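# Summary of the model geometry
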Amino acid sequence: MAGYDDRDGVIWMDGGLVDWRDAKVHILTHAMHYASSVFEGERAYNGKIFKSREHSERLIASAEALDMPMPYTVDQIEAAKDEALKASGLQDAYVRALVWRGSGDDMGVASAANPVRMAIAVWGWGAYYGDAKMQGAKLAIAEWKRPSPETIPVHAKAAGLYMICTISKHKATAQGCSDALFMDWRGYVAEATGANIFFVKDGEVHTPLADCFLNGITRQTVIGMLKDKGITVHERRIMPEEMEGFEQCWLTGTAAEVTPVGEIGPYKFEVGALTREIAEDYEKLVRA
């Protein structure tokens with residue numbers, strides 16, 4: 001397959017569709033230098049984007065958190081995503097919406113004079129963790145920690161927050177792992193580089209309290225599914241050593257969907273009945 005910059009097709013950009021290879025920005029784009037960008041990752045199933053409007057609303061909230069005035073409303077973003085998806089010709093696809101500070105009169109830290117731009121790209125993307133979708137992913141434990149909410153807008157889906165994700169996942173894959181698990185700045189279990197995490201013990205589910213990381217839309221969906229089944233869900237702070245007593249584990253995210261975890265550092269988990277059930281139920285839900 002050709003690189004992501006060299007493909008046939010179109011990308012929605014600043015109000016209309018442009019040729020895929022022509023979707024370019026200037027080298028002095030503010031976002032490239034100062035990470036002034038936010039994004040959404042979404043999946044379409046059978047030609048429909050799952051939880052599309054919730055993603056569009058979060059995109060705007062993230063932009064506002066970074067003091068970027070959005071040039072589009074939720075309805076306009078929804079229409080643009082629909083246009084991009086239809087133009088792709090794909091029924092099952094990954095949808096990436098990106099908002100960033102472009103190039104303009106400012107080239108320092110401040111960028112109020114620069115335009116806020118938006119693009120939407122659509123492509124085919126299979127299982128995020130490959131075979132781990134069935135066998136159980138293997139995770140390393142990251143050396144970096146999720147920062148305090150006093151240091152950065154942690155609930156925005158902002159590009160800058162993914163810097164430690166990139167370097168942590170690189171190190172994890174070099175060790176033969178699928179991903180890395182972060183602790184937060186206090187030492188509690190937080191999340192993987194691009195997914196939230198759940199554990200099972202004695203028929204009840206435990207998941208880290210989303211007080212310093214993104215409260216994922218898939219995370220919220222799965223919590224709702226569990227509660228609908230009458231399963232107790234504990235959203236709480238979890239110490240790393242507690243993982244020794246958990247029986248099952250899975251990850252959730254738009255790209256990850258519901259992916260079982262078999263191993264995190266020294267801790268082992270079974271791909272048990274509840275994990276398989278939630279993964280299957282989620283697959284049915286998104287394709288309903």
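Structure shown above.
### Here we look at the packing of helix H2 (residues 52-65) against helix H3 (residues 74-88)
- For the pair H2 and H3, the least separation of the axes is 9 Å and the interaxial angle reads 125°. Taken together, the axes of H2 and H3 are oblique relative to one another. By crossing handedness, the relation of H2 to H3 is classed as right-handed. Facing Ser52, Arg53, His55, Ser56, Glu57, Leu59 and Ile60 of H2, the residues of H3 in contact are Val74, Asp75, Ile77, Glu78 and Lys81.
- Taken together, the residues of the contact of H2 with H3 sort by class into four nonpolar, three polar and five charged.

### Points about the nonpolar core
- Judged by nonpolar contacts, the single largest core of 26 residues is most densely connected at Val99, Met118 and Ile120.
- Counting residues per element, the ones that place at least two in this core are strand S3 (37-45), H2, H3, strand S5 (93-101) and strand S6 (116-123).
- Per-element accounting of this core gives the leading share, five residues, to H3.
- Formed by 20 residues, the second largest nonpolar core is a distinct cluster that contains Tyr129, Leu181, Met243 and Phe269.

### Quick notes on the pattern of salt bridges
- The tally for this structure, following the rule as stated, stands at 22 salt bridges.
- Of the charged contacts in the structure, one is a salt bridge between Asp6 and Arg21, with a shortest N-O distance of 2.6 Å. One end of the pair, Asp6, is in the segment before strand S1 (10-13); the other, Arg21, is in the loop between strand S2 (16-19) and helix H1 (30-34), with 15 residues separating them in the sequence.
- Exposure remark for Arg21: the relative accessible area of 32% places this residue in the partly exposed category.
- Measuring nitrogen to oxygen at the nearest pair gives 2.9 Å for the salt bridge that ties Arg219 to Glu235. In this pair, Arg219 is assigned in helix H6 (residues 217-228) and Glu235 in strand S12 (residues 233-236), connecting sequence segments 16 residues apart.

### Considerations on the sheet that holds S2
- Strand order in the open sheet formed by six strands is S2-S1-S6-S5-S3-S4, and the pairing between neighbours is antiparallel. Each edge of the open sheet is held by one strand with a lone partner, namely S2 and strand S4 (48-49).
- Relative to S6, S5 is paired through eight bridges, and the arrangement is antiparallel. Bridging across to S6, Val99 finds its partner in Met118.
- Sitting on the sheet, H2 is in contact with S3, S4, S5 and S6, with an inclination near 175° to S3.

### Let's talk about the side chain of Ser36
- Tracing the backbone shows Ser36 in the loop between H1 and S3.
- You can call Ser36 buried: its relative accessible area is 9%.
- Looking at Ser36, its side chain comes within polar contact range of the side chain of His30, at 2.7 Å.
- In this structure the side chain of Ser36 is engaged in a polar contact, spanning 3.3 Å, whose partner is the backbone nitrogen of Ala31.
- Contacts of Ser36, omitting those with residues within four sequence positions, involve His30, Ala31, Met68, Val99, Trp100 and Arg101.

### Considerations on the packing of aromatic side chains
- By the definition in use, this model includes ten aromatic pairs.
- Aromatic side chains Phe198 and Trp250 sit 5.5 Å apart centroid to centroid with 15° between the ring planes, which places their arrangement in the stacked category. Residue Phe198 is found in strand S10 (residues 196-201), and its partner Trp250 is found in strand S13 (residues 248-253); the two are separated by 52 residues along the sequence. There is no split in this pair, since Phe198 and Trp250 are both buried.
- Considering the side-chain rings of Phe199 and Phe246, the 4.6 Å spacing of their centres and the 15° angle between planes classify their relative orientation as stacked. One end of the pair, Phe199, is in strand S10; the other, Phe246, is in the loop between S12 and S13, with 47 residues separating them in the sequence. No difference in accessibility class separates Phe199 from Phe246, as the two residues are buried.

### Thoughts on the pairing of S10
- With respect to burial, S10 is a largely interior element, five of its six residues being buried.
- One ladder, built from five bridges, connects S10 with S13; its direction is antiparallel. Across the sheet, residue Val200 finds its bridge partner in S13, namely Gln248.
- Summarising the sheet, S10 and strand S11 (residues 204-208) pair through three bridges and their orientation is antiparallel. The residue bridging Lys201 from the neighbouring strand is Glu204, located in S11.

### Notes on the packing of H6 against helix H7 (residues 273-286)
- The contact between H6 and H7 brings their axes to 11 Å, and the two run at 110°. With respect to H7, the element H6 is oriented roughly perpendicular. Both H6 and H7 take part in a crossing whose hand is right-handed. Within the contact between the two elements, H6 uses Thr218, Thr221, Val222, Met225 and Leu226 and H7 uses Leu274, Ile278, Asp281, Tyr282 and Leu285.
- For the contact of H6 with H7, the residue count by class is seven nonpolar, two polar and one charged.

Cut-offs applied
Residues numbered from 1 in each chain as written. Predicted model: local features only at pLDDT ≥ 70, side-chain atom pairs only at ≥ 80, totals over all residues. Heavy atoms only, no water. Axes fitted to C-alpha atoms, helices over the stretch in contact; angles between N-to-C directions. Helix = DSSP H or I, 4+ residues; strand = E, 2+ residues; numbered from the N terminus. Parallel < 35°, antiparallel > 145°, perpendicular 65-115°, else oblique. Left-handed = near helix turned anticlockwise from the far one by under 90°. Contact = heavy atoms within 4.5 Å. Nonpolar A, V, L, I, M, F, W, Y, C, P; charged D, E, K, R; others polar. Core = buried A, V, L, I, M, F, W, Y, C linked by side-chain atoms within 4.5 Å. Buried < 20%, exposed > 50% of the residue type's maximum accessible area, 1.4 Å probe, protein only. Salt bridge = Lys/Arg side-chain N within 4 Å of Asp/Glu carboxyl O. Pairing = 2+ DSSP bridges. Polar contact = N/O pair within 3.5 Å; in protein donor to acceptor, adjacent residues only side chain to side chain. Phe/Tyr/Trp six-rings, centres within 6.5 Å; stacked < 30°, edge-to-face > 60°.

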